[in-house]
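One-letter residues, chain by chain:
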Amino acid sequence: MNELDQAGLARLRDGWISGGAMFEFAPVEWKEVATAFSPDEQERRLLAIAGQALDVALRPAAPKSLKRRPPLPVLALPMLPERLRPLLRAALKYAADARLKTRVATLVASRGFVTHPMDWMPAASDQNGPEVYAPWVDWQAGADGEKQLRREHLTAETWDDFYPAARRSALIDLRRSAPALARALIETKGASEPAEVRLALIELMRFGLGADDVPFLKSLSADRSGKVREMAGRLLARLGERSITEGQTEDPAIELSAFIEEGKSGFIRRRSTYAPIKPKSQAQQARRADLFATCYFGDLVGHFGKTESDFIGAWQFGVDDGADLFLVRMVAASGGDAAVASLADLLAAAGGRLAILGLQLTARLDSGRKRVLIRQILNDAQNLAALNMVEGAEAGWLEWGDLAKGKTLSALRSAVSGDNDVVKRNAEQYLEAIGFLASPATAEKLISEVVAAGLPPASPSLSLLRLNAALGGNPTR
């Protein structure tokens, strides 16, 4: 319909609105279908034709950029029951950012459900959400339906049938069950991928990392991407491979060792100790930080002739907080598994600030050591805000005894019953973190405790605890 027709329709509409008869103003073609009838019938027929034109002919055409999307994939877990969706939406509304909203979805997935897509969906770039959402991540990224969405095993032949998130999930599973097979796929198919994709694939080698991976990782020293070479080097360092070869003259670990003082302790059995030397200038401080970030832990302890675990046991924590943090990050990035476990045990046993420092290691800790660290932080209650830093923690395992025997429960009661608004707001944030970690029974009991202490029952900060408690029982119902 052209502009002239549209203008004519607008004139008819305005005429009817004002109560007048408009048949005489209708297009000639329209009059032919109503001329033989009474004036009232003429207006009715003209109105029917105009209505049809407005509903059909003037419907806006879809823009050419509009793309038909395939149906949203069905996930492997059932949708959260309708009765729990209001609680979910309240918890998502209280979650301040995308990371915390993902944590809410993780809690729901741990109980055997997925969210309704109108409540929460992962972003196309989301790599940290529950793996069950991988088909939705690919859908968000523009999966056009021409490929299958993980309907069969990942092999060299089916590699291109998987979208990135589904392929990543399949590779992680394969690295855990058959690491050599996964490595062969990464080696065969990854070589032709761009650097960014290649880096993401090599990063997955951390799952099931073992001595059999050494030849392939060493072959990446010739990779055209510096980031890939760096990632391969760190993985090799975790396996005890030195980055400095015999005869190599430049060794940044030697420069780093100059920032560390070796001493002795004990009157009878003289034990080595290692303490950071305070930098004399900001330039030295920056250089020390850079060396800690770029050197490998194995290279450093090799310079002192010690094993990684021996060096950790001899490090003098508390002399320089900055150096402590750099060392822990260094171990997390390039230390062996035994060194990471040894350091986590040491920090958890020390408690206080050092236990919080141990959260730098959580990406490489098993669930048991993560729980020990978290329990220690709760027991100390010195910096509960650190709980928001925990990455990769499991949901829904914290029991009531973990809270009751430490200082956390009394600290929460005191905070919510006091007059300090800042302390009260902080405590409400801690409730959100605990709402993710707590078991359903713990969540329900904690709600009663803080409400009895003075927190309004309708406080939004209780949202995740309420959802957690409501998700208790049989997770499949």
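A. Just the overall build of the protein, in detail. Within the protein, the regular secondary structure consists of 24 helices and 2 strands. Relative to a compact globule of 477 residues, whose C-alpha radius of gyration would be 23 Å, the protein shows 32 Å and is clearly more extended. For the C-alpha atoms alone, the extent of the protein along its principal axes is close to 120 × 60 × 50 Å. Here the contacts in the protein between residues at least 6 apart in sequence split such that 63% fall between residues at least 24 apart. When the accessible surface of the protein is summed, it comes to about 25100 Å², and 53% of that surface belongs to carbon and sulfur atoms.

B. Molecular detail of the pairing of strand S2 (residues 271–276). Here S2 lies mainly inside the structure; 5 of its 6 residues are buried. Across 6 bridges, strand S1 (residues 260–265) lies against S2 in antiparallel orientation. Residue Ser265 lies in a different strand from S2, and its bridge partner there is Arg271.

C. Structural context of the nonpolar core. By size, the foremost hydrophobic cluster in this structure holds 92 residues, and its most contacted members are Phe297, Phe311, Trp315, Leu361, Leu387, Ile434 and Leu446. With residues up to four places along the chain from it excluded, the contact list for Ile434 reads Leu378, Leu387, Leu398, Leu403, Thr408, Leu412, Leu446 and Leu465. Judged by nonpolar contacts, the second largest core, of 24 residues, contains Ala170, Leu204, Leu220 and Leu236.

D. Highlighting the packing of aromatic side chains. Enumeration over the complete set of coordinates arrives at 8 aromatic pairs. Three or more aromatic residues joined by ring pairs form one cluster here, namely Tyr274, Phe297, Phe304, Phe311 and Trp315.

E. Up close: the packing of helix H5 (residues 98–110) against helix H24 (residues 463–470). Where H5 meets H24, the closest approach of the two axes is 10 Å, and the angle between their N-to-C directions is 10°. The orientation of H5 with respect to H24, classified from their angle, is roughly parallel. Here the hand of the crossing between H5 and H24 comes out right-handed. Contact with H5, carried on its side by Val104, Leu107 and Val108, involves Leu464, Leu467 and Asn468 of H24 and no other residues of that element. Of the residues that constitute the contact of H5 with H24, the class distribution is 5 nonpolar, 1 polar and no charged.

F. Structural context of the pattern of salt bridges. In this structure the tally under the stated criterion is 24 salt bridges. Between Arg206 and Glu203 there is a salt bridge; the shortest N-O distance is 2.4 Å. Asp337 serves as the salt-bridge partner of Arg364, at 2.8 Å between the closest nitrogen and oxygen. With Arg364 in the loop between helix H18 (352–357) and helix H19 (367–380) and Asp337 in helix H17 (residues 337–350), this pair connects stretches of sequence that are 27 residues apart. Relative accessible area serves as the criterion here: at 19%, Arg364 is assigned to the buried category. Classification of Asp337 as exposed rests on a relative accessible area of 56%. Overlapping salt bridges, with partners in common, bring together Glu82, Arg85, Arg89 and Asp119 in one network.

G. Spotlight on the environment of Met118. Assignment of secondary structure puts Met118 in the loop between H5 and helix H6 (134–140). Between the C-alpha atoms of Met118 and Arg89, which are 29 residues apart in sequence, the distance is 9.8 Å.

H. Structural view of the environment of Leu357. Checked against the element boundaries, Leu357 lands in helix H18. Between the C-alpha atom of Leu357 and that of Tyr133, which follows or precedes it by 224 residues, the distance is 31 Å.

I. H5, seen in detail. Between its terminal C-alpha atoms H5 stretches 18 Å, which fits the 18 Å expected from 13 residues at 1.5 Å a residue. Restricting attention to buried positions, one finds in H5 the residues Leu100, Thr102, Arg103, Val104, Ala105, Leu107, Val108 and Ala109. Looking at the packing, one finds that the buried side of H5 touches helix H4 (85–94), helix H22 (421–437) and H24. Looking at where H5 begins, the residue whose side-chain oxygen comes 3.2 Å from the main-chain nitrogen of Arg99 is Asp97. Remark: Gly112 follows H5 within two positions and exhibits a positive phi of approximately 90°.

J. Region of interest: unusual backbone geometry. The backbone phi angle of Ala381 is positive, close to 55°, even though this residue is not glycine. Along the chain, Ala381 falls in the loop between H19 and helix H20 (400–404). Assessed through its relative accessible area of 19%, Ala381 is described here as buried.

K. Expanded view of helix H21 (residues 408–417). Among the residues making up H21, those that are buried are Thr408, Leu409, Leu412, Ala415 and Val416. One side of H21 carries all its buried residues, which in axial view fall inside an arc of 130°. Buried residues along H21 sit in contact with H19, H20, H22 and helix H23 (440–453).

L. Layout of the packing of helix H9 (residues 195–203) against helix H11 (residues 226–238). Taken N-terminus to C-terminus, the directions of H9 and H11 make an angle of 5°; their axes are 9 Å apart at the nearest point. In terms of orientation, H9 lies roughly parallel with respect to H11. Contacts between H9 and H11 involve Ala195, Arg198, Leu199, Ile202 and Glu203 from the former and Lys227, Val228, Met231 and Leu235 from the latter. Residue composition of the contact of H9 with H11, grouped by class: 6 nonpolar, no polar and 3 charged.

M. The arrangement of the side chain of Thr158 in detail. Counting through the fold element by element, Thr158 comes out in the loop between H6 and helix H7 (164–177). Residue classification places Thr158 among the buried positions, given a relative accessible area of 8%. For Thr158, the residues in contact, after removing those within four places along its chain, are Glu152 and His153.

What counts and what doesn't
- Residues numbered from 1 in each chain as written.
- Predicted model: local features only at pLDDT ≥ 70, side-chain atom pairs only at ≥ 80, totals over all residues.
- Heavy atoms only, no water.
- Helix = DSSP H or I, 4+ residues; strand = E, 2+ residues; numbered from the N terminus.
- Rg over C-alpha atoms; globule rule 2.2 N^0.38 Å.
- Contact = heavy atoms within 4.5 Å.
- Areas by Shrake-Rupley, 256 points an atom, 1.4 Å probe, with all protein chains shown as cover.
- Buried < 20%, exposed > 50% of the residue type's maximum accessible area, 1.4 Å probe, protein only.
- Pairing = 2+ DSSP bridges.
- Core = buried A, V, L, I, M, F, W, Y, C linked by side-chain atoms within 4.5 Å.
- Phe/Tyr/Trp six-rings, centres within 6.5 Å; stacked < 30°, edge-to-face > 60°.
- Axes fitted to C-alpha atoms, helices over the stretch in contact; angles between N-to-C directions.
- Parallel < 35°, antiparallel > 145°, perpendicular 65-115°, else oblique.
- Left-handed = near helix turned anticlockwise from the far one by under 90°.
- Nonpolar A, V, L, I, M, F, W, Y, C, P; charged D, E, K, R; others polar.
- Salt bridge = Lys/Arg side-chain N within 4 Å of Asp/Glu carboxyl O.
- Expected span 1.5 Å × (residues − 1).
- Polar contact = N/O pair within 3.5 Å; in protein donor to acceptor, adjacent residues only side chain to side chain.
- Arc of directions from axis to C-beta.

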